[in-house]
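Overview (structure and organization)
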Amino acid sequence: MQNQEFLKDFIEEAVSHLDSLEMGLVQMGEGSEDPEILNTIFRAVHSIKGTAGFFALKNIVALAHAMENIFGELKKSVFVADQSLIDRLLAATDILRAMIMDVETSDGLDISDVLAQLSEQQGEREIAVPPQAARDDESAGLEGPPAPSEEEAKKQPENPKDTIRVPVSLLNDLLNLVGEMVLGRNQLLRTLRSYRKAVPGLSAVLQNIDGTTSELQDKIMQARMQPVSKVFDKFPRMIRELSKELGKDIDLQMEGTGVELDKSLIEALADPLNHLIRNAADHGIERPDERERAGKPKTGTISLKASHVGDHVTIDVADDGAGIRVDKIADKAVQQGLLSRMEAAELSESELLNYVFHPGLSSAEKVTNISGRGIGMDVVKTNIEKIGGAVEIRTAQGKGTVFHLTLPLTLAIIPSLIVETGGYKFALPQVNLQEMLRIKPNNPDKRFERLKNSWVLRLRGKLIPVVQLADVLGIREDSFDPEDKVSHVLVLKSGTKRYGLAVDVIHDREEILVKSLPRFFNRSACYSGVTIMGDGKTALILDPEGIAGKANLRFYEETEQTAVQKAESMDERQNLLLFGCSGPETLGIDLSFVVRVEKIDASQIEKVGDKEFIQFRGDALRIIRPEQYLPLRRVQTDVQNLYVIIPKLVKHPIGLLIEKIHDTLVTDVRYTGEEVKAKGLIGQTIIGGTLVQLVHIYELLEMAAPEYYPPLPYANKSKGTVLLVEDTPYFARMVGNFLESDYYETLLAANVKEAWSILQERPIDAVLCDAQMLHPHGAQLAKRIRADARLQAMPVIALASAAGSRMTQETMEAGFDDVALKLDKDRLLETIRELLRGRRELHEGKGADLLSM
């Protein structure tokens, strides 16, 4: 029994060594001459041979020994590793892996051929390396491993005795137990909520249990996290083999290999990525002669990029090949009876591309042993959705294709929102939730409209389809009529789809333990799992993708370009979040400054000295109460449900702790005549008969955390004069404030005519012009400046509410030097400084040239 345990440990260690061996051989085959690679693979086979000898595994020892001899002579530079040798060694690695994975029968395998091939290689002994290099390599060391690099040293534990190996089954058991503990905690907090005040000390005890459970959960989840390199590292070998088999030159580029995912997700990713890489090599990348005719490099590129984005991970599999012929996909779908010709004509490009994932549908001209049967892409979509992810395709004819995978960090415990409809409660994964809306009848900014017998929601100038959850699930048959009552709508995003889901009640946020669906629900696409809530009742977990499919929603695919065009065509208005603190005042902040609003319980607030913190995404986030810094009334309250506004566009995010969320709306800000003048407030406006104080987030954070925002050195004179061409009062005041805080004198022009008049009368160092004036007046202003010999060297910057590549290109073509976001203070001021510095250096250079003449 003990030997079996040791043998199991040997296999785990040997597989890790084989992965290193395979990766090292591929790198050597690509021409790498890093001596550390040779040292690593030498140590790998040496370790395998040594432990296999302990178990008397003769064949494994013999093959590892033969490979070790080859590596030893390579280290002595007796011969060089050409492609033929790399092929033999990779083949030997495959056999070694097969024997290790089945050690019981390994000694029965005939390995005489591979041993003979390796011996033959040693016999050839082609000396091809200069003697000096050989001596250098000798000193590089058979004696022992070289000292680790500084970076490697940092990654290694200070003392190897501090680490132990534990079975994965133990981690799984711990995860299940902590999941049950999270459920118990939720139930405990829910049950004792009403006794917090009545029982002295209870609140502190509950807070301690809550915090300890969360910390324990984080630690166990952390123990299960593995880098995506566990999957990625298999692909260099695969690309090497595919390149030879297909007769193509393919370069594989990998990025973000250190991004971590739960072990179960890493394992589930292997098949989908395998199919995507094989398809990209087989069908995406063209043959070298075809690429040359198309004006492309002979070598095609496949890139594999992982990124950590918020509470999920994205993986892009991209190629620079021919792209997908959407018309061929449509033809195949029609031929297979999946669509009629008329239906195909009505579908968008994105909808047609989704047929690539249909089982049996392939656009490949011929079926190969690599791909083309139309099965692999079905596996991709099925497996990715099974783990709660989504996959999108973007393709451009002649330029390539990108498969964009969105994945949760873990499958076990996820944050969710509990909603209710028809008297039943459901859990909605928070990763799909973009926005929660409470819509009153006759609201001009958020209103429902009928379009082809379907409801749509007009939200900030866009139409999104809306379905009622009760209708989709068949809970009740009354028709959705939002015109006579307040509606609760969740704006959901799944892949490229964005739609509204109307529910009766929105309850609280809750971390839930995901359990498999009972087999009775397996045929329902609307659910992805089941959980037990804090009140002890079970709830089904909603699947937004499945709900959209069952509701047969059609989506208008908004491309980046059309989004920019829409944004440019919209009137420039402020998108405000209205909220309240402990006092009666109403405050507003532009949503451009808000990354999210987090609902918390008062018990989640922890104090360190006189500062308050919450735990947010595994880290400590400082929070401040705006009424402590702004001229607002402070009222002692015991509100339990609070909100934290998480800001963006700031260097050091600090959450704003507030008590009430009033509304979000799009409006024109018009400042009132009389205002409260105070640092931290940019002005005052009236919205719906209520006075609203507009928050200046930069000044508020400067007051709350002066250690992060030291005052600029006093400038006894202006850094220069900037002409600001802006017709929106809110932005004019904000940008003007930014400029003055950096010691620029600011002149304001409300239109291009007024700006040109000022340019004729006053010396100006730089011009900032609202991008909304670009068509055509702003462009005319830029061209007139460039045509005027006196002004043509002056920096001219376009100000945008949202940046886009198309706008940037048009702006540059119009004569502007750069584009900056209006509310990104630091970037805006840095842009001005850089352009003025460049202009100054240009003048100084010209002066030097004149002196040298």
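If you're wondering where the values come from, they're calculated on a predicted model, not measured in any experiment.

When its secondary structure is counted, the protein shows 26 helices and 34 strands. With 853 residues in all, the protein has 45% of them scored as buried. Excluding contacts between residues fewer than 6 apart, the proportion of contacts in the protein whose partners are at least 24 apart in sequence is 67%. Total accessible area on the protein is roughly 43,300 Å²; 51% of this is exposed by carbon and sulfur atoms.

All right, on to the nonpolar core then. Ranked by internal contacts, the top residues of the largest apolar core, which has 52 residues, are F579, Y730, L768 and I832. With six residues, the top contributor of residues to this core is helix α22 (residues 729-741). If you look at the next biggest cluster of nonpolar residues, it comprises 51 residues, including L246, L269, A280 and A306.

A separate point is the sheet that holds strand β18 (residues 538-542). Across the sheet, five strands lie side by side as β16-β8-β9-β18-β17; this open sheet has mixed pairing. Each of the sheet's edge strands pairs with one partner strand only, and the pair in question is β16 (505-513) and β17 (527-532). Each neighbouring strand pair of the sheet contributes to a mean axis angle of 35°, computed without reference to strand direction. Bridging between strand β9 (residues 424-429) and β18 involves two bridges; their strand directions are parallel. Each residue of the ladder has a partner; that of F426, found in β18, is L540. Here helix α8 (residues 168-192) sits on the sheet in contact with β8 (413-421), β16 and β17, set at roughly 145° to β16.

Glancing now at the pairing of strand β25 (residues 641-647). The two faces of a sheet get side chains in turn, since along a regular strand they alternate between them. Here β25 lies mainly inside the structure; five of its seven residues are buried. Where strand β21 (residues 594-601) and β25 come together, seven bridges link them in antiparallel fashion. For R596, the partnering residue across the bridge sits in β25 and is I646. Examined bridge by bridge, β25 and strand β26 (residues 655-658) share three bridges and lie antiparallel to one another. Bridge pairing links V644 to L657 in β26.

Quick look at the sheet that holds strand β28 (residues 681-687) now. If you trace the five strands from one edge of the open sheet to the other, you get β27-β19-β20-β29-β28, paired in mixed fashion. Both edges of this open sheet fall to β27 (660-667) and β28, since each of them pairs with a single strand only. Looking at each pair of strands side by side, their axes are set apart by 30° on average, direction ignored. Of the pairings in the sheet, the one linking β28 to strand β29 (residues 690-695) comprises six bridges and is antiparallel in character. The partner of I686 across the bridge, within β29, is L691.

A surface patch of nonpolar side chains, about 460 Å² in accessible area, is lined by I164, V166, L170, L174 and L177. Within the element layout of this structure, V166 appears in the loop between α7 (150-155) and α8.

Before going further, it helps to spend a moment on the pattern of salt bridges. Note on pairing: side chains with opposite charge can pair once their charged atoms come close. Inspection of the entire model under this criterion finds 30 salt bridges. Here E702 ties to K825 by a salt bridge, and the two come within 3.3 Å at their closest N and O atoms. Highlighted residues: E702 in helix α21 (residues 697-704) and K825 in helix α26 (residues 825-852), separated in sequence by 123 residues. Residue E702 is classed as partly exposed on the basis of its relative accessible area of 21%. Here R786 ties to D817 by a salt bridge, and the two come within 2.6 Å at their closest N and O atoms. One end of the pair, R786, is in helix α24 (residues 774-787); the other, D817, is in the loop between α25 (805-814) and β34 (818-821), and 31 residues separate them in sequence. Where salt bridges share partners, they join D19, E22, D94, R97, R237 and E241 into one cluster.

Moving on, we come to the packing of aromatic side chains. One pass over the full model with this rule turns up six aromatic pairs. Where F10 meets F55, the ring centres are 5.8 Å apart and the plane angle is 45°; that geometry is what we call tilted. Of this pair, F10 sits in helix α1 (residues 2-29) while F55 sits in the loop between α2 (35-54) and α3 (58-75), placing them 45 residues apart in sequence. By relative accessible area, F10 is classed as buried at 3%. Summarising the aromatic geometry, the rings of Y698 and F738 are spaced 5.4 Å apart at their centres and angled 90° between planes, so their arrangement reads as edge-to-face. With Y698 in helix α21 and F738 in helix α22, the pair connects residues that are 40 residues apart, well separated along the chain. Classification of Y698 by relative accessible area gives buried; the value is 4%. By relative accessible area, which is 0% here, F738 ends up buried. The rings of F593, Y698 and F738 are connected pair by pair, giving a single aromatic cluster. Here the guanidinium or amino end of K75 rests over the ring plane of F42, the centre of that ring lying 5.5 Å away.

With that settled, the discussion passes to the confidence of the model for the protein. Considering every residue of the protein, the mean pLDDT works out to 79; 82% of them sit at 70 or more. The weakest mean pLDDT in the protein belongs to helix α6 (residues 131-141) at 39; the strongest belongs to β26 at 92. Note on residues 125-158: pLDDT under 50 across the span, and 31 contacts to partners over four residues away in sequence or across chains. Under a pLDDT of 50 for its full length, residues 558-571 has, in the predicted model, 18 contacts with residues more than four places off or in other chains.

Checked against the element boundaries, Q217 lands in helix α9 (residues 202-224). For Q217, a relative accessible area of 6% translates into the label buried. Those residues within four positions of Q217 in sequence are excluded, and the remaining contacts are V178, V182, I413 and E511.

Moving on: the packing of α8 against α9. At a minimum axis separation of 10 Å, α8 and α9 run at an interaxial angle of 155°. Compared by their axis directions, α8 and α9 come out roughly antiparallel. For α8 against α9, the interelement crossing comes out left-handed. Facing α8, whose interface residues are L171, N172, L174, L175, V178, M181, V182, R185, L188, L189 and L192, α9 presents L202, L206, I209, D210, T213, S214, L216, Q217, I220, M221, A223 and R224. Taken together, the residues that form the contact of α8 with α9 break down as 16 nonpolar, four polar and three charged.

Another aspect to go through is the environment of A333. Considering the arrangement of structural elements, one finds A333 in helix α14 (residues 326-335). Between the C-alpha atoms of A333 and A344, which are 11 residues apart in sequence, the distance is 8.3 Å. Setting aside residues no more than four positions away along its own chain, A333 makes contact with L338, L339, Y355 and L361.

What follows deals with the environment of Y671. Its location among the elements puts Y671 in the loop between β27 and β28. A C-alpha to C-alpha distance of 8.0 Å links Y671 and Y730, two positions 59 residues apart in sequence. Apart from residues lying up to four places away in sequence, Y671 is in contact with I682, G683, Q684, L694, P729, Y730 and R733.

Turning next to the pairing of β18. Most of β18 sits out of view: four of its five residues are buried. Inspection of the sheet shows β17 paired to β18 by five bridges, in the antiparallel sense. By the bridge assignment for β18, Y527 is matched with L542. Hairpin geometry of β17 and β18 is characterised by an intervening segment of five residues between the two adjacent antiparallel strands and by a positive phi of about 85° at G536.

Attention now moves to α14. Within an α-helix, residues lying three or four positions from one another point in the same direction, as the helix has 3.6 residues per turn. Here α14 has its buried residues at V326, I329, A330, A333 and V334. Buried residues in α14, looked at end-on, bunch into an arc of 135°, giving them a common side. Among the structural elements, α15 (341-346) and α16 (349-353) are those in contact with the buried residues of α14. In the segment just after α14, G337 is the residue with positive phi, at about 75°.

With that out of the way, let us pick up unusual backbone geometry. Positive phi is not limited to glycine here, since A56 has a value of about 60°. We note that Y743 has phi near 65°; this positive angle belongs to a residue other than glycine. With respect to the secondary-structure elements, Y743 resides in the loop between α22 and β31 (745-749). Owing to a relative accessible area of 24%, Y743 belongs among the partly exposed residues under this scheme.

Each value, and the rule that gives it
- Residues numbered from 1 in each chain as written.
- Predicted model: local features only at pLDDT ≥ 70, side-chain atom pairs only at ≥ 80, totals over all residues.
- Heavy atoms only, no water.
- Helix = DSSP H or I, 4+ residues; strand = E, 2+ residues; numbered from the N terminus.
- Buried < 20%, exposed > 50% of the residue type's maximum accessible area, 1.4 Å probe, protein only.
- Contact = heavy atoms within 4.5 Å.
- Areas by Shrake-Rupley, 256 points an atom, 1.4 Å probe, with all protein chains shown as cover.
- Core = buried A, V, L, I, M, F, W, Y, C linked by side-chain atoms within 4.5 Å.
- Pairing = 2+ DSSP bridges.
- Axes fitted to C-alpha atoms, helices over the stretch in contact; angles between N-to-C directions.
- Patch = residues over 30% accessible without salt bridge, like charges linked within 9 Å, V, L, I, M, F, W, Y side chains within 5 Å.
- Salt bridge = Lys/Arg side-chain N within 4 Å of Asp/Glu carboxyl O.
- Phe/Tyr/Trp six-rings, centres within 6.5 Å; stacked < 30°, edge-to-face > 60°.
- Lys NZ or Arg CZ within 6 Å of the ring centre and 35° of its normal.
- pLDDT = per-residue confidence, 0-100.
- Parallel < 35°, antiparallel > 145°, perpendicular 65-115°, else oblique.
- Left-handed = near helix turned anticlockwise from the far one by under 90°.
- Nonpolar A, V, L, I, M, F, W, Y, C, P; charged D, E, K, R; others polar.
- Arc of directions from axis to C-beta.

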